[in-house]
Amino acid sequence: LFVFFCFFFFNDTATTEIYTLSLHDALPILALAIILIYLYIETVSRVKTTGFFIVPFVFLFQLVSSMFDKFNIEVNHLLTSKFFILHVSSAIAGYSAMTIAAIYGILYLMLYHDIKSSRFGIIYNRLPPLEILHGMNYKTVRIAFVFISGALILGSLWSSMSVGWYWNWDPKIISVLVIWLVLGVGIFMRRCFGFSGKKLAYVSLFGF
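Description of the structure in this document. Computed from a predicted model, the values in this text were never measured in an experiment. (Residues numbered from 1 in each chain as written. Predicted model: local features only at pLDDT ≥ 70, side-chain atom pairs only at ≥ 80, totals over all residues. Heavy atoms only, no water.)

## Some words on the overall build of the protein chain
Next, step 1: A count of helices and strands for the protein chain gives 8 helices and 2 strands.
Next, step 2: Starting at the N terminus and walking to the C terminus, you meet the elements of the protein chain as α-β-α-α-β-α-α-α-α-α.
Next, step 3: In the protein chain, which comprises 208 residues, the share counted as buried stands at 40%.
Next, step 4: Once local pairs closer than 6 in sequence are excluded, the contacts in the protein chain between residues at least 24 apart make up 80%.
Next, step 5: Accessible surface, the protein chain as shown: approximately 12000 Å² in total, 69% of it carbon and sulfur. (Helix = DSSP H or I, 4+ residues; strand = E, 2+ residues; numbered from the N terminus. Buried < 20%, exposed > 50% of the residue type's maximum accessible area, 1.4 Å probe, protein only. Contact = heavy atoms within 4.5 Å. Areas by Shrake-Rupley, 256 points an atom, 1.4 Å probe, with all protein chains shown as cover.)

## Topic: helix 6 (residues 130–162)
Next, step 1: Here helix 6 spans 47 Å end to end across 33 residues, near enough to the 48 Å set by a 1.5 Å rise per residue.
Next, step 2: Where helix 6 ends, the next residue or the one after it, glycine 164, has phi of about 90°, a positive value. (Expected span 1.5 Å × (residues − 1).)

## Comments concerning the environment of serine 149
Next, step 1: Examined against the element boundaries, serine 149 turns out to sit in helix 6.
Next, step 2: What makes serine 149 buried here is its relative accessible area of 16%.
Next, step 3: Expressed as a C-alpha distance, the spacing of serine 149 and glycine 94, which sit 55 residues apart in the sequence, is 8.6 Å.
Next, step 4: At 2.7 Å, the side chain of serine 149 and the backbone oxygen of phenylalanine 145 are in polar contact. (Polar contact = N/O pair within 3.5 Å; in protein donor to acceptor, adjacent residues only side chain to side chain.)

## Section: the environment of alanine 26
Next, step 1: Summarising the element assignment, alanine 26 is placed in helix 2 (residues 23–45).
Next, step 2: Spatially, the C-alpha atoms of alanine 26 and isoleucine 92 are 8.8 Å apart, while their sequence positions differ by 66 residues.

## Digging into the side chain of histidine 134
Next, step 1: Residue placement: histidine 134 occurs in helix 6.
Next, step 2: Not counting the four nearest positions on each side in its chain, histidine 134 is found in contact with Tyr108, Arg190, Phe195, Ser196, Gly197 and Leu200.

## Some details on a nonpolar patch on the surface
Next, step 1: Together, Phe83, Ile153, Leu157, Met161, Tyr166, Trp167, Trp169, Ile174 and Val178 make up an exposed nonpolar region whose accessible area comes to about 920 Å².
Next, step 2: Elements that contribute at least two residues to the nonpolar patch include exactly helix 6 and helix 7 (171–193).
Next, step 3: Looking at the nonpolar patch element by element, the count peaks at 3 residues for helix 6.
Next, step 4: In this structure, tryptophan 169 sits in the loop between helix 6 and helix 7. (Patch = residues over 30% accessible without salt bridge, like charges linked within 9 Å, V, L, I, M, F, W, Y side chains within 5 Å. Salt bridge = Lys/Arg side-chain N within 4 Å of Asp/Glu carboxyl O.)

All we've got here are geometric facts, nothing functional implied.
Right, dumping it as structure tokens:
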């Protein structure tokens, strides 16, 4: 991602030709971003047991991409803006963090119900305590919120320079705004009213 950013941001000749990417083409970048964000959460939380639940999603994204991968060489001058590249990079990072937050939310709820039911199986043995898992979920939600905020701001700047408007009631834009509001409310409730881990887990799933 860093090389991709530098190549387009600092090399003016790179904008003479650009590949348009389908969803399948973008999945490897999404998988890479998930791995990078997970490694950051693992480092700051010092918990190394949740990767077992993250890697299958990375493998799935890469598998789907490999099965349906195809490139279309088309030039669209609107997509050569540096703000657009930053906007897409920020959006991918936000969606990746949201994916991890949803996984942590599912793991939290599974562990919560296992403890309540006095079942101490593979989930209980592999996962950290509920409080630590809640902290990891909260950190990931905050990362998702920051990157999605950046995607909205950069997208607005890009559209203003490209087509002359800051905002459009496009369903895709509205859906991202709804996600941003959901995550923002979850963070606000957690910081100001001590939102429980269970409720934050549901916020993560709903946002995803």
